[in-house]
Amino acid sequence: MPNRYRIVHVMASTGGVMGGVEKHTFELCNALAVKHEVHLIAHNQYRQYCDKQVQFHPLRFSHGLLALYSLWQLAHYINTIQPHIVHSQAYQATQRLKYLQWFFKHIKFVATAHGSLHTDAYKRSDGLIVLNENLLHSIDSHQVRLIYQGIVVPQKANLRQISTLRQQLDLNKEQPILVTIGELTINHGCDVLLKAMVDIEAQLVVIGDGVKKQELENLAHTLAISHKVFFVGEREDADIFLQLADVCVVPDLETDSSLSVVRALQASCPVVATNIIGFKEWLSPALLAPPNDVTALHDTLCATIRALANLKANYLPIFLRAQQELTIDYMVQQTERFYFDLLECT
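Let us look at the structure shown here.

The rules behind the values
Residues numbered from 1 in each chain as written. Predicted model: local features only at pLDDT ≥ 70, side-chain atom pairs only at ≥ 80, totals over all residues. Heavy atoms only, no water. Phe/Tyr/Trp six-rings, centres within 6.5 Å; stacked < 30°, edge-to-face > 60°. Lys NZ or Arg CZ within 6 Å of the ring centre and 35° of its normal. Helix = DSSP H or I, 4+ residues; strand = E, 2+ residues; numbered from the N terminus. Buried < 20%, exposed > 50% of the residue type's maximum accessible area, 1.4 Å probe, protein only. Contact = heavy atoms within 4.5 Å. Pairing = 2+ DSSP bridges. Right-handed = clockwise from strand over helix to strand, strands pointing away.

1. Notes on the packing of aromatic side chains
Going through the model one piece at a time under the given rule, you end up with seven aromatic pairs. Site record: aromatic cluster; members linked through ring pairs are Phe26, Tyr46 and Tyr49. Over the aromatic face of tryptophan 282 sits the side chain of arginine 321, whose NZ or CZ is 3.8 Å from the ring centroid.

2. Description of the side chain of threonine 304
One can find threonine 304 in helix H10 (residues 294-306). For threonine 304, a relative accessible area of 4% corresponds to the buried category. With residues up to four places along the chain from it excluded, the contact list for threonine 304 reads Val247, Val272, Leu287 and Leu311.

3. Thoughts on the pairing of strand S2 (residues 37-42)
Counting buried residues along S2, five of its six residues qualify, which places the element largely inside the surrounding structure. In terms of strand pairing, strand S1 (residues 6-11) meets S2 through five bridges, oriented parallel. Bridge assignment links valine 10 to a residue of S2, and that residue is isoleucine 41. Taken together, S1, helix H1 (residues 20-32) and S2 constitute a β-α-β crossover, and its handedness is right-handed. Pairing of S2 with strand S3 (residues 55-58), which is carried by four bridges, proceeds in the parallel orientation. Each residue of the ladder has a partner; that of alanine 42, found in S3, is proline 58.

Printed below as a string of structure tokens:
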């Protein structure tokens, strides 16, 4: 494999918000820049997140008549940089780049699909990366590569850190601890989880904020489970909570929830999830429930809690695999290999 490629990443996000697409883009760019010449074209609001090794090029992705000017700027950047690879992240960036591919036939265009919507936009790309098997089966393209999203491997929590968290929340040592992580919106499915928690002898820690937080706190009170549900907001120590937890619950009502599963598996925490999420191929069917189904989720949680004694031992091969494959280093290696295959073998 050549020592160095010139790579342009394009991200069309706006608002300066760091969601899943943005976090994935920056982690990939920053890691690739250790070995390659990496450029990132994105809105100026994201400049602050860019590693100094990545060359940042500001671009406002406008709509209407101004979209033509944005497209001209995008073409100008690509023509000036003359990269080997132009890599778009998600639909909006891919949609814009498809108009430029005809002018840069000597450059390979790669796209990463982060969701299953608007899949037709990806068909013109020379290569397509999908982040889970849900997307692999929903997108028809001649050059598709499944590359799992990796994360920075969290440090192992020590006994003192775990004990401190227990004391802060006054957690009952006699009851299992369930953790759910995510933005508290209607798509997170936390309301379904709260209803499923009724009559379950376990504690639930809810990590995250969002527009539905107060409504969810009120629901917990109405259901008479507020004594065993802890809303802790955004936490930098979320990975320690996962190492403390017996089960991570991913009740999402949409498919783009892979990161919670990755973080849990990296922390050797079993996962109960809805059967539409990404990464469900890593989980036992017994740990999956239909979305928005209170009874099914309740029954799945009850069965999982009864099997806790053997669950982590049974999942040890999956945890070990996750620690090898669900890392940024492995994600970068697989991405480099895909670039190489496109440039050298086609």
